[in-house]
Amino acid sequence: QVQLVESGGALVQPGRSLRLSCAASENRFRFDAMGWFRQAPGKGREWVASVQSGGATTYEDSVKGRFAISRDNTGNNVYLQMNSLKPEDTAVYYCHALIRNIDYWGKGTLVTVSS
């Protein structure tokens, strides 16, 4: 099974930046799409951003212009650069991968935005 491991979650003040990372367990990782989801306290899981194998990126409206998803040259690592963080960004962020039409999920990393 493919293992996804997130890292980078932290407690930050509003307006600051944070970078999340997602690493795949395999050296030769092939994916159709990778992305980030988040789940805030008391709310359901929501989609945040995705990057396709061809490099195209998409974002949820509330994070457009603030967040940027990217991948490394090998495609084994995906990142989420989060700028101008707001308290409403507080959530557990989950890495997601779509590989041969099968969904894979990481265990999540907590991002808390608070003064």
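Here, the structure is the one placed above.
Residues numbered from 1 in each chain as written. Predicted model: local features only at pLDDT ≥ 70, side-chain atom pairs only at ≥ 80, totals over all residues. Heavy atoms only, no water.

1. Overview of the overall build of the chain
Working step 1: Summing up its helical and strand segments, the chain has 0 helices and 11 strands in all.
Working step 2: Along the chain, from the amino end to the carboxyl end, the secondary structure elements read β-β-β-β-β-β-β-β-β-β-β.
Working step 3: Compactness check: the chain gives a C-alpha radius of gyration of 13 Å against a globular reference of 13 Å for 115 residues, within 12% of the reference.
Working step 4: Its C-alpha atoms put the chain at 40 × 25 × 20 Å along the principal axes.
Working step 5: A buried classification covers 41% of the 115 residues belonging to the chain.
Working step 6: Counting 13 positive and 10 negative side-chain charges, the chain places the centres of these two groups 4 Å from one another. (Helix = DSSP H or I, 4+ residues; strand = E, 2+ residues; numbered from the N terminus. Rg over C-alpha atoms; globule rule 2.2 N^0.38 Å. Buried < 20%, exposed > 50% of the residue type's maximum accessible area, 1.4 Å probe, protein only. Lys, Arg positive; Asp, Glu negative; His and termini not counted. Charge placed at Lys NZ, Arg CZ, Asp CG, Glu CD.)

2. What to know about the nonpolar core
Working step 1: By size, the foremost hydrophobic cluster in this structure holds 30 residues, and its most contacted members are Leu4, Met34, Trp36, Leu80, Met82 and Tyr93.
Working step 2: When contributions to this core are tallied by element, the ones reaching two or more residues are strand 3 (18–24), strand 4 (33–39), strand 5 (45–52), strand 7 (67–71), strand 8 (77–82), strand 9 (91–99) and strand 11 (109–113).
Working step 3: The leading source of residues in this core is strand 9, at 5 residues.
Working step 4: In contact with Met82, other than residues within four places in its own chain, are Arg16, Ser17, Leu18, Leu20, Arg66, Phe67, Tyr93 and Val111. (Core = buried A, V, L, I, M, F, W, Y, C linked by side-chain atoms within 4.5 Å. Contact = heavy atoms within 4.5 Å.)

3. What to know about the packing of aromatic side chains
Working step 1: Scanning the model with the defined rule gives 1 aromatic pair in all.
Working step 2: Both rings, one in Phe37 and one in Trp105, keep their centres 4.9 Å apart while their planes meet at 70°; by these two values the pair is edge-to-face. Within this pair, whereas Phe37 is found in strand 4, its partner Trp105 is found in strand 10 (residues 102–105), the two being separated by 68 residues in sequence.
Working step 3: Judged by its relative accessible area of 32%, Trp105 falls in the partly exposed class.
Working step 4: Against the face of Trp105 rests Arg45, its NZ or CZ located 4.0 Å from the ring centre. (Phe/Tyr/Trp six-rings, centres within 6.5 Å; stacked < 30°, edge-to-face > 60°. Lys NZ or Arg CZ within 6 Å of the ring centre and 35° of its normal.)

4. Some thoughts on the state of the cysteines
Working step 1: One pass over the structure, following the stated rule, counts 1 disulfide.
Working step 2: A disulfide bridge connects Cys22 with Cys95, and the sulfur atoms are separated by 1.9 Å. Classification of the bridge connecting Cys22 and Cys95 rests on its S-S torsion, roughly -80°, and on that basis the disulfide is left-handed. Remark: Cys95 occurs in strand 9 and Cys22 occurs in strand 3; sequence separation between them is 73 residues. Each member of the pair Cys22 and Cys95 is classed as buried. (Disulfide = S-S within 2.5 Å.)

5. So, the pattern of salt bridges
Working step 1: Taken as a whole and assessed by the stated rule, the structure comprises 4 salt bridges.
Working step 2: For the salt bridge of Arg38 with Glu46, the shortest nitrogen-to-oxygen distance reads 2.7 Å.
Working step 3: Note that Asp89 and Arg66 form a salt bridge whose closest N and O atoms lie 2.8 Å from each other. Taken together, the residues Asp89 in the loop between strand 8 and strand 9 and Arg66 in the loop between strand 6 (57–59) and strand 7 connect sequence positions 23 residues apart.
Working step 4: Using a relative accessible area of 1% as the deciding quantity, one classes Asp89 as buried. (Salt bridge = Lys/Arg side-chain N within 4 Å of Asp/Glu carboxyl O.)

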